[in-house]
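# Results of the structural survey
Take a look at the letters that make up each chain.
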Amino acid sequence: MPERVVMQVDLDYFYAQCEEVRNPSLRNKPVVVCIYSGRGGDSGAVSTSNYAARRYGVRSGMPIARAKQLLRNVEAVFLKADLDYYDEVSRRVMNILRKHADIFEEVSVDEAYLDVTEKTKGDYEAAKELALKIKTEIMEAENLTCSIGIGPNKVIAKMASDYQKPNGVTLIRPDEAVGFIAELSVDKLPGVGAKTKQILEEMGVKTIRDLAKQDPQKLISRFGLKLGNYLYNAANGRNDEPVKERLEPTQFSRIVTLKQDSQRIEEIEKYVDEICRDLYSRVSSQGYVFKSVGVITVSDSLSTCTRSATYEHPLDSYEALRSVSTALLSRLLEEEKIKIRRVGVRVSDLVKKRGQRTLYDFLTS
Ligand code: DCP
Ligand code: MG
Ligand code: MG
């Protein structure tokens, strides 16, 4: 593969920064954005927090009660996540980013890869200028900061963007890639989670330099062909995964936690109604109908069960979605005899409704 220039853009403390944008008086205070479980009180997890809150040890994923404990002596602000608002901001930022890429890949609500090889004619200085220009544009349009990494592949670009957060630009030229990552701990490599880290540690591998020196065959026998190869190459600064446009969505789903565990269909039905209403409005507003419906339950002992049905002709009403979901759920409850903690619905085998999309685009652009 010829030498590439890959950029990774990640918005800083995204949900919390969105909250600061619409309420600038939050800027000097620790801000914690929470996803409440719906079970009352502080039950739920921290979605993200601004850097002022992070200084007290607040982290994404920790229980809300723990964050309150850490911030007990400070004037901190706890907010309920407003996902629709963040999605809207994200969509506008992505539209800015997309214009600057030869190939654009949206990875998550606040993160994207841009292949800019042609645009910069392979020149890293030009890429750095482009990164600064993108940062200015996002600041002018949305008042948001982001961090940008530039490197010869996706792995290096992502690690570069993490390297000087918030509001950083980090440029790693191809000949600097190996040296840049060598000192870092293996879990800084994208895709190395707690489990892989632990196995590597047992093998005496702590830094990425240690990993780069391993026998690739040994890594393959431990982790399988795909992960083993990935680890060996990435540690040596190599990764040939292309930046690729994401395809259309393949499914829509939503899952909720019951206020109280239950095994009675009459109890659970009302959650299913609400999920179906919400799902159907998302699916249809994006111009899709669907042929498959699945329900998923998580029991009080945390085991998961699913049931699904596929039809020859697409379903295209809320009533149809609700009645299929409820029927699948009653069957599941009868057969499994379990107490339910969470329930969810998924629609897939999507089919595009012609004509609908343009109307939607017109209304929302
Ligand atoms: N998010 C979440 N729960 C997590 C991690 C993230 O709800 N466990 C949400 C909230 C974040 C958003 O996704 O704002 C983007 O995730 P990032 O990992 O990019 O984290 P942030 O943008 O919040 O912070 P950073 O400045 O480190 O990028
Ligand atoms: Mg981010
Ligand atoms: Mg991110």
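Residues numbered from 1 in each chain as written. Chains lettered and ligands numbered in written order. Predicted model: local features only at pLDDT ≥ 70, side-chain atom pairs only at ≥ 80, totals over all residues. Heavy atoms only, no water.

### Some details on the layout of surface pockets
The following threshold applies: Here the term cavity refers to a set of points on a 1 Å grid, laid over the protein atoms alone, in which a 1.4 Å probe fits but cannot get out; the term pocket refers to an open set having protein on both sides within 12 Å along at least five of seven lines, with lining residues being those that place an atom within 4 Å of a point. Grid points are joined across faces, edges and corners, and a volume is the space filled by probe spheres set on the points. Strands are runs of DSSP state E lasting at least two residues, helices are runs of H or I lasting at least four, and both sets are numbered from the N terminus onward. Polar here means any residue outside two lists: the nonpolar Ala, Val, Leu, Ile, Met, Phe, Trp, Tyr, Cys and Pro, and the charged Asp, Glu, Lys and Arg; Gly therefore counts as polar.
Put simply, the second largest pocket is a space of about 420 Å³. In terms of lining residues, the second largest pocket is bounded by 20 residues, among which D10, T48, R54, S60 and K165 are the most central. For the lining of the second largest pocket, the secondary-structure elements that each account for two or more residues are β1 (6–11), α1 (14–22), β3 (44–49), α2 (51–54) and α6 (154–163). At three residues, β3 tops the list of elements feeding residues into the lining of the second largest pocket. Each residue belonging to the lining of the second largest pocket can be placed in one class, and the counts come to seven nonpolar, four polar and nine charged.

### Remarks on the coordination of the magnesium ion (ligand 3)
Where we set the bar: Donor selection uses N, O and S atoms within 2.8 Å of the metal (3.2 Å for Na, K and Ca). Since no water is included, sites may look incomplete.
Donor atoms from the polypeptide that coordinate the magnesium ion (ligand 3) comprise D10 (OD), D110 (OD) and E111 (OE), at 2.2 to 2.6 Å from the metal. Taken in chain order, the donor set of the magnesium ion (ligand 3) reads D-x99-D-E. Separating the magnesium ion (ligand 3) from the magnesium ion (ligand 2) is a gap of 3.6 Å, which D10 spans by donating to each of them. Of this pair, D10 sits in strand β1 while E111 sits in strand β6 (residues 111–115), placing them 101 residues apart in sequence.

### Quick look at the site of ligand 1
Note the cut-off: One heavy atom suffices: a residue is near a molecule or strand as soon as one of its heavy atoms comes within 4 Å of it. N or O atoms closer than or at 3.5 Å make up a polar contact, with two conditions inside protein: a donor-capable atom paired with an acceptor-capable one, and, for residues adjacent in sequence, both atoms drawn from side chains. A 1.4 Å probe and the Shrake-Rupley method give the accessible areas. Residues count as covered only by the protein chains that appear here.
The immediate surroundings of ligand 1 are formed by 13 residues, with Y13, S47, T48, Y51 and D110 found nearest. Between an oxygen atom of ligand 1 and a main-chain N or O atom of Y13, the distance comes to 2.7 Å. D110 places a side-chain nitrogen or oxygen 2.8 Å from an oxygen atom of ligand 1. Coverage of ligand 1 by the protein amounts to 69% of the 550 Å² it exposes when considered alone. Sorting the residues of the shell around ligand 1 by element identifies β1, α1, β3 and α2 as the ones contributing at least two each. Per-class residue counts for the shell around ligand 1 are five nonpolar, three polar and five charged.

### Describing the domain arrangement of the protein chain
Put simply, the rule reads: For each domain, the first and last residues come from an automatic or database assignment.
One can read the domain layout of the protein chain as domain 1 (16–82), domain 2 (182–236) and domain 3 (251–364). For domain 2 and domain 3, the distance between their C-alpha centres works out to 39 Å.

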